[in-house]
Amino acid sequence: MKVLVVNAGSSSIKYQVFDMTDESVLAKGLVDRVGIPGTTLEHKPAGKDEVVIKKDLPDHTEGMKLVLEVLVNPEYGCIKSMDEIGAVGHRVVHGGEEFAKSVVVDDYVKKVIRDCFDIAPLHNPPNLMGIEACQALMPNVPHVAVFDTAFHQTMEPANFLYALPYEAYEKYKVRRYGFHGTSHFYVSHRAAEMLGKPYEQCKIITLHLGNGASMAAIKDGKVVDTSMGFTPLEGLVMGTRSGDIDPAIVFFLMEKLNMNAQEANNYFNKKSGMLGLSGVSNDLRDILEAASSGNERAQVALEVYYNRVKGYIGNYIAKLNGCDCLVFTAGVGENGYDVREKICENLDYLGIKLDPEKNKVRGKEVDVAAEDSKVRIFVIPTNEELVIARDTYNLAKAQ
Ligand code: ADP
């Protein structure tokens with residue numbers, strides 16, 4: 001069976017086509033600026049040259065139509081007809097408390113995705129648009145929703161509840177959900193394989209460090225804790241998000257800067273983090289470069305970034321009562337060896353010792369811990385699309 005994986009954002013559609021007989025990727029691509037003048041589609045068929053198509057597209061349905069045309073194109077497509085696609089897997093950011101696993105999309109699933117608009121206003125509406133666009137164009141195949149929050153639903157109340165009046169949880173579902181679940185799931189399973197231990201017997205700390213960043217503590221196959229919370233704003237310092245702050249800062253700055261709730265949301269999500277602190281960029285590569293040429297704000301921003309991650313490592317080792325391995329993944333985690341080195345510096349008390357020579361790798365699955373490190377330190381490139389394709393395939397087969 002061939003599976004199409006779709007990740008629809010507010011103005012973009014990412015896609016991959018998998019042949020599930022060997023899990024190979026037949027093609028992947030990105031439609032950017034959907035609904036904005038200057039739409040482009042970049043299509044990369046396996047073993048062939050990339051194709052770029054420029055054509056303004058008003059919405060996700062037109063965007064998906066173009067993707068399907070490209071997929072069957074005799075010159076650069078990867079399938080002869082759409083009938084070859086047996087199922088479509090959709091990334092959905094928020095499944096609330098309803099879904100701890102991937103599900104075949106029906107009216108109820110769409111209702112739950114819609115019910116979560118309130119708590120995921122940036123992500124769930126375009127995710128649903130993507131599903132509905134694909135269903136309209138491919139009505140006869142199963143569509144599967146794979147949720148970013150699902151893996152974290154194994155968390156216990158002791159770690160997902162905030163110390164607020166209980167009605168905030170009961171009435172408004174204010175609790176920790178956690179995100180990047182598909183990535184934490186994938187890399188933690190690979191880590192157990194690298195440890196040579198059953199997944200259900202491992203203590204693993206995963207560090208998904210990209211533009212958005214989150215960590216998870218996983219014990220006996222379940223998430224014990226994760227750093228993103230009610231929304232992806234909590235936790236680590238990110239490209240443009242503040243991560244953990246004293247909540248009183250929000251009211252204080254709303255008054256000082258005369259911001260309403262929406263403006264404050266924008267301030268902490270889009271203007272803060274490494275961008276706000278360094279004044280250089282949200283891209284860690286730019287900040288590392290600025291820091292090494294003597295920019296002091298960039299230097300201190302990096303210290304804040306490293307300290308936050310170290311703090312979470314300590315927190316999670318305490319909660320897990322030990323740790324078999326740390327796993328670095330996503331853009332920074334996979335490529336930024338200097339960042340990995342700084343994070344692991346002076347953690348030998350916790351049994352974490354990195355080998356600086358082994359560590360000089362980018363984007364490869366490898367153990368970079370020193371021989372005598374009690375805790376293994378893995379670099380594992382994430383593959384969320386493969387998890388989505390596998391879940392989709394398994395659910396479609398069972399239909
Ligand atoms: P997202 O999917 O959240 O947008 P990615 O996982 O693609 O993010 O990661 C993007 C981040 O990875 C950027 O901040 C970029 O600077 C960082 N990155 C990529 N390569 C390196 C590198 N060699 N060193 C440090 N950071 C890097």
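All residue numbers refer to position in the chain's written sequence, counted from 1. The predicted origin of the model limits local features to residues at a pLDDT of at least 70 and limits the giving and counting of side-chain atom pairs to 80 or more, whereas totals for whole chains, interfaces and linings rest on all residues. Based on all heavy atoms of the structure, the side-chain values leave hydrogens and waters out of the count.

Draft legend 1. Examining the sheet that holds strand β1 (residues 2-8) more closely. Paired strands, as defined in this entry, are two strands with at least two bridges between them according to DSSP. Numbering of helices and strands runs from the N terminus, with a helix taken as a DSSP run of H or I at least four residues long and a strand as a DSSP run of E at least two residues long. A sheet is described by the order of its strands in space; here eight strands give the open sequence β5-β4-β3-β2-β1-β6-β8-β7, paired in mixed fashion. With one partner strand each, in any of the chains shown, β5 (51-54) and β7 (103-104) form the two edges of the open sheet. By the bridge criterion, four bridges tie strand β4 (residues 40-45) to β5 in an arrangement that is antiparallel. Its bridge partner lying in β5, H43 is registered against V51. Sheet strands touched by helix α2 (residues 107-115): β6 (85-92), β7 and β8 (143-147). Its angle to β8, the strand with the most contacts, is close to 35°. Residue contacts are counted whenever heavy atoms from the two residues lie within 4.5 Å of one another. In this description, a line fitted to the C-alpha atoms serves as the axis of each element, helices being fitted only across the stretch in contact, and the angle between N-to-C directions of two axes falls anywhere from 0 to 180 degrees.

Draft legend 2. The arrangement of the nonpolar core in detail. Counting residues in hydrophobic clusters, the biggest one holds 48 residues, and the most contacted among them are Y305, I313 and L326. Of all the secondary structure elements, the ones that give two or more residues to this core are β9 (203-209), β10 (213-219), α10 (284-292), α11 (296-320), β12 (325-329), α13 (337-344) and β14 (376-379). Here the element with the most residues in this core is α11; it accounts for 11 residues. Each nonpolar core is a collection of buried residues, namely Ala, Val, Leu, Ile, Met, Phe, Trp, Tyr and Cys, held together in the definition by side-chain atoms within 4.5 Å. The classification of residues rests on relative accessible area computed with a 1.4 Å probe and restricted to protein chains. Under 20% of the type maximum is buried, over 50% is exposed, and intermediate values are partly exposed. Ranked by size, the runner-up nonpolar core spans 28 residues in total, among them M20, V187, A191 and I388.

Draft legend 3. Region of the structure containing helix α6 (residues 181-195). Counted at 1.5 Å a residue, the expected span for α6 with its 15 residues is 21 Å, and the 21 Å between its end C-alpha atoms agrees. When we look at burial in α6, the residues that qualify are G181, T182, S183, H184, Y186, V187, S188, A191 and A192. Buried residues along α6 sit in contact with β8, β9, β10, β12, β14 and α14 (384-397). Just downstream of α6 lies G196, where phi reads positive at about 70°. The span you would expect from a helix comes to 1.5 Å times its residue count less one.

Draft legend 4. Spotlight on α11. With 25 residues, α11 extends 36 Å from end C-alpha to end C-alpha; this agrees with the ideal 36 Å at 1.5 Å per step. Turning to α11, its buried residues number three or more, namely A298, A301, L302, Y305, Y306, V309, K310, Y312, I313, Y316, I317 and L320. Once α11 ends, the next one or two residues include N321, with phi positive near 55°.

Draft legend 5. Main features of the site of the ligand. By convention in these notes, a residue is near a molecule or strand provided one of its non-hydrogen atoms lies within 4 Å of it. What surrounds the ligand is a group of 13 residues, the closest being N211, D283, L284, G331 and R362. Counted as a polar contact is a pair of N or O atoms within 3.5 Å, where, for protein atoms, one must be capable of donating a hydrogen and the other of accepting one, and residues adjacent in sequence contribute only when both atoms are in side chains. At 3.4 Å from an oxygen atom of the ligand is found a side-chain nitrogen or oxygen belonging to R285. Only the protein chains shown count as cover for residues, and the accessible areas themselves come from Shrake-Rupley with a 1.4 Å probe. Considered on its own, the ligand offers 580 Å² of accessible surface; in the complex 69% of this is hidden by protein. The element contributing the most residues to the shell around the ligand is helix α12 (residues 330-335), with four residues. Of the residues assigned to the shell around the ligand, the class counts are four nonpolar, six polar and three charged. Residue classes follow a fixed rule: Ala, Val, Leu, Ile, Met, Phe, Trp, Tyr, Cys and Pro count as nonpolar, while Asp, Glu, Lys and Arg count as charged, and any other residue, Gly among them, counts as polar.

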